[in-house]
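Fold and contact review
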Amino acid sequence: MRNNFSAFIFSIVLVFTGCRDQRDSLPPVIVLDSQIYSTTVGEEITVSPEYENCGEGTVYLWTCDGETLSTEPSLTFSRNVRGEYWIQLTVGNSAGEDRAEIRIDVYDVTPPEISLPGAAAGFSVLKDSSLVLAPEVRSALPVTYSWSIDGQTVSADSVLAFPTDEAGLFEVSFSAENRDGRDEIEFTVEVMSPEDAFSWTFDRTDYGISSGRSLLLHPLDIEYSFDAVYTWSVDGSEVQNGESPEYVFDLTAEGSYTVSVTMRNSYTAASQDLSVTVLPAEGTYFRAADASSSASISKVYEYTPAPGQFINDGVTLTTQEEACSYAFERLSQGQFVSLGAFGGYLTAGFDHSVESSTDGGFDLQITGNAHSSSSEPGIIWVSQDENGNGLPDDTWYELRGSEYGKPETWQDYAVTYYRPSSNGTSIEWTDNRGSSGTVDYIPAYHSQETYFPLWITADSYTLRGTRLEDRLVDENGNGSLWIGHPFDWGYADNWSGTDPDIDKFRISDAVRWDGEPADLTYIDFVKIQCGVQAKGGWTGEQSTELTLIRDLHL
């Protein structure tokens, strides 16, 4: 009814205005520069078409859903609710009329959001080499960019090829701005000369190993080693010299040893001392099960998940102790505990030693919440209490699964996750293979303030382990159906529609550092670690979930 009424009023106005200009002898023509316009909630936008054959007697009518918005040549429009608004424009004179339809999209206020994984820790690059900085900028509106180095504007592009011809530490700023606001990040870039570039890390400096076993010692994340030569010594006596940074410690006499490694290249040298204790032989601290022993785990020693959509969901945990108690309570009740994205892990122990079957049978049961379209495999590690202190601080052995040793499976894969600068945002990560990405924030399903574990106080943390192939597939090709395809055997939270023993595991599958059987006769601790780095649109990150860990012999 309102559409007809507006047209009726338009006709009356047209009759009484008459032809007051010679141009009224021709029908009017509407000339639009666009048919789609955009604005934000509460913001006014003015649409001013050009017209032909329009004189003083011309009548203008703007309507939306039958409501008259304006009778002027231009339209000033605003709305407090986001959406698409279709607007009809009718222009007439005594010779006829012309009609046009436009669309005005009203968006929420959306300032740009910058993501540059690794910026929080800063970047380092060798002098005269390449460093390309390419932040991801999320914005529904046109954006302008600005780069500055030490306060001087150097570029207005979205990507910066950082100049590396001069060594030093530089303060870098990048900003992105649209009509709704501005975002900015600041970070450092260190341009290093070869003599200052070498770096390495060690996951620990104190080691223990049962007598009769070997231990692989090596630095991690070696950078800019050039023509390095590594010299290893034990208690001051050189035992190895060459290009390999790895040394196999295999002394069997009980006691403490100081193992030193020195790196020398054409530019610099670096050294690190390690302490290795040869402990009593396997079995010294074996704890036999008795009538009071529990089949289920007796304690969670560490719960360090990667960021993920189930982290901090409905619970506030501020210490590792609270996190461990929370995880243990949920597992005791058969509820799932999420490990988040790649590398997230849970370490648990039993009130007795779990023996390895001598007949090839299964020893452990570890269940998750996998189903026919969702396998989120977790790597399983086991450990003996070699030093007898009741803590999981001894050597870890990976349980070999179907993918162990394949080219698609990466050993010693490490991912660093960075605390987000604000709540409600995705979490950035970088890895030790030059890649980066985000654990996406998906408020439609999980709207807690952040997916970054609240009990981790550092601004970043690194998780290291074995990474399996990404088998998460967009099955329909349109993002509506994501399928996590399973692996054959050997992983937690892995689906099988035919194998009833898919959640059961053998201690005899434990392998040492070189892939050879570890030959463990029992274990005291178990660690499950998310083994995939993948995400699937609206489903978010793949994350191993656990519901049960128990000894199958009790």
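The notes below deal with the structure included here. Note that the structure is predicted; figures quoted are calculated from it, not measured.

Ranked by size, the top nonpolar core spans 78 residues in total, and within it L217, F249, Y303, L346, Y417 and I549 carry the most contacts. For this core, the element with the most residues is strand β30 (residues 345–355), which contributes 5 residues. Among the nonpolar cores identified, the runner-up in size contains 20 residues, and V125, L133, F174 and F187 belong to it.

Within a pair of aromatic rings, the relevant descriptors are the distance that separates the centres and the angle that separates the planes. Going through the model one piece at a time under the given rule, you end up with 23 aromatic pairs. An angle of 65° between the planes, with centres 5.8 Å apart, marks the rings of F162 and F170 as edge-to-face. In this pair, the class of F162 matches that of F170, namely buried. Arranged with centres 5.2 Å apart and planes meeting at 80°, the rings of F310 and F336 form a pair that is edge-to-face. Taken as a pair, F310 in the loop between β28 (299–304) and α3 (320–332) and F336 in the loop between α3 and β29 (337–338) lie far apart in primary sequence, 26 residues in all. Taken together, the aromatic side chains of Y145, W147 and F174 make up a single cluster linked through ring pairs. Here the guanidinium or amino end of R467 rests over the ring plane of Y413, the centre of that ring lying 5.7 Å away.

There is about 1400 Å³ of room inside the largest pocket. Lining the largest pocket are 38 residues, with D203, W381, W396, R464 and K527 positioned closest to its centre. Among the elements of the structure, β20 (206–210), β21 (215–217), β28, β30, β33 (397–399), β34 (410–418), β37 (460–467) and β42 (522–530) are those that each provide at least two residues to the lining of the largest pocket. It is β37 that contributes the most residues to the lining of the largest pocket, 5 residues altogether.

With that settled, the discussion passes to the pattern of salt bridges. Applying the stated criterion across every chain, the model contains 20 salt bridges. K127 serves as the salt-bridge partner of D128, at 3.3 Å between the closest nitrogen and oxygen. Residues E136 and R138 are paired through a salt bridge, measuring 3.1 Å at the closest nitrogen-oxygen approach. In this structure R138 comes out as partly exposed when scored by relative accessible area, which is 30%.

Looking now at the pairing of strand β36 (residues 436–439). Bridging between strand β35 (residues 427–431) and β36 involves 4 bridges; their strand directions are antiparallel. Paired with T430 across the two strands is S436, which belongs to β36. Connecting β35 to the next strand, β36, in antiparallel fashion are 4 residues, including G434 with a positive phi near 85°.

With respect to the helices, strands and loops of the structure, T547 is situated in the loop between β43 (545–546) and β44 (548–551). The contact partners of T547, leaving out residues within four places of it in the chain, are L331, G334, Q335, F336, T367 and G368.

This next bit is on α3. Here α3 contains 13 residues, and its C-alpha end-to-end distance of 18 Å stays within 8% of the 18 Å for a straight helix at 1.5 Å per residue. Looking only at α3, the buried set comprises A323, C324, A327, R330 and L331. All buried residues of α3 lie within an arc of 135° about the axis, which places them on one face of the element. Buried residues along α3 sit in contact with β28, β29, β30, β43 and β44. Of the residues flanking the end of α3, it is G334, one or two places downstream, whose phi is positive at about 75°.

The antiparallel open sheet is built from 3 strands, whose spatial order is β40-β31-β44. Each having just a single partner strand, β40 (504–505) and β44 make up the two edges of the open sheet. As paired elements, strand β31 (residues 364–367) and β44 share 4 bridges and run antiparallel to each other. Each bridged residue has a counterpart across the sheet, and for I366 the counterpart in β44 is I549.

Before going further, it helps to spend a moment on the sheet that holds β35. Here we have 4 strands laid out as an open sheet, ordered β36-β35-β34-β37, and antiparallel in their pairing. Looking at which strands have only one partner, the edges of the open sheet turn out to be β36 and β37. Neighbouring strand axes in the sheet, compared pairwise and without regard to direction, differ in orientation by 30° on average.

About the thresholds
Residues numbered from 1 in each chain as written. Predicted model: local features only at pLDDT ≥ 70, side-chain atom pairs only at ≥ 80, totals over all residues. Heavy atoms only, no water. Core = buried A, V, L, I, M, F, W, Y, C linked by side-chain atoms within 4.5 Å. Buried < 20%, exposed > 50% of the residue type's maximum accessible area, 1.4 Å probe, protein only. Helix = DSSP H or I, 4+ residues; strand = E, 2+ residues; numbered from the N terminus. Phe/Tyr/Trp six-rings, centres within 6.5 Å; stacked < 30°, edge-to-face > 60°. Lys NZ or Arg CZ within 6 Å of the ring centre and 35° of its normal. 1 Å grid on protein atoms, 1.4 Å probe; cavity = no way out; pocket = protein on both sides within 12 Å on 5 of 7 lines; lining within 4 Å. Points joined across faces, edges and corners; volume = space filled by probe spheres on them. Salt bridge = Lys/Arg side-chain N within 4 Å of Asp/Glu carboxyl O. Pairing = 2+ DSSP bridges. Contact = heavy atoms within 4.5 Å. Expected span 1.5 Å × (residues − 1). Arc of directions from axis to C-beta. Axes fitted to C-alpha atoms, helices over the stretch in contact; angles between N-to-C directions.

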